[in-house]
Amino acid sequence: MSQRGVWQLKRLTVNYCNWGGSSRGIRAFMETHLPAFKESNPQLEVVTEEIRGNRNERVVCVKNMTPEDVLECATKLRNSLGRKVLKLKTRHVTKHPSVQGTWTTELNL
């Protein structure tokens, strides 16, 4: 997803194993869907690495997925925001909370 016209995902690194059975879907995705995905997203740098282990910040497991499912995951990564989603504990955030408490419309004076 672009935020204010700027795509948040700048680089997509695909790590895979060349001989492992669980990487069958990602290898098929790289042969069939990845070239078209690269052409339709010129702003995105796509890098493929034959490696073991995960070094990326956001890792999506594509173990035993079909190429269509891998394409859906890559599209979701492209559309996602760059920052992590934080759940707020209260409805308002302030550095100096009020001593008197939160104001409400149902105040009885």
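Described in the following lines is the structure provided in the data block. Keep in mind that what you see is a predicted model, and the values were worked out from it rather than measured. (Residues numbered from 1 in each chain as written. Predicted model: local features only at pLDDT ≥ 70, side-chain atom pairs only at ≥ 80, totals over all residues. Heavy atoms only, no water.)

### Quick word on the nonpolar core
Stage number 1. Core analysis: the largest hydrophobic core is formed by 15 residues, its most contacted members being Leu12, Ile26, Phe29, Met30, Leu34, Phe37 and Leu44.
Stage number 2. If we ignore the near neighbours within four places in the chain, the residues touching Phe37 are Leu12, Leu44, Leu71, Ala74 and Thr75. (Core = buried A, V, L, I, M, F, W, Y, C linked by side-chain atoms within 4.5 Å. Buried < 20%, exposed > 50% of the residue type's maximum accessible area, 1.4 Å probe, protein only. Contact = heavy atoms within 4.5 Å.)

### Looking at helix 3 (residues 67-79)
Stage number 1. Across its 13 residues, helix 3 extends 18 Å between first and last C-alpha, which sits within 8% of the 18 Å expected from 1.5 Å per residue.
Stage number 2. Residues of helix 3 that are buried include every one of Pro67, Val70, Cys73, Ala74, Leu77 and Arg78, and no others. Each buried residue of helix 3 sits inside an arc of 140 degrees when the element is viewed along its axis, so together they form one side.
Stage number 3. Residues of helix 3 that are buried make contact with strand 2 (6-7), strand 3 (11-16), helix 1 (24-32) and helix 2 (34-40). (Helix = DSSP H or I, 4+ residues; strand = E, 2+ residues; numbered from the N terminus. Expected span 1.5 Å × (residues − 1). Arc of directions from axis to C-beta.)

### Quick look at the packing of helix 1 against helix 3
Stage number 1. Where helix 1 contacts helix 3, the two axes come as close as 8 Å, and the packing angle between them is 75 degrees. The angle between the axes of helix 1 and helix 3 places the two elements in the roughly perpendicular class. Contacts between helix 1 and helix 3 pair Gly25, Ile26, Ala28, Phe29 and Thr32 from the former with Pro67, Val70, Leu71 and Ala74 from the latter.
Stage number 2. Here the residues of the contact of helix 1 with helix 3 are counted per class, giving seven nonpolar, two polar and no charged. (Axes fitted to C-alpha atoms, helices over the stretch in contact; angles between N-to-C directions. Parallel < 35°, antiparallel > 145°, perpendicular 65-115°, else oblique. Nonpolar A, V, L, I, M, F, W, Y, C, P; charged D, E, K, R; others polar.)

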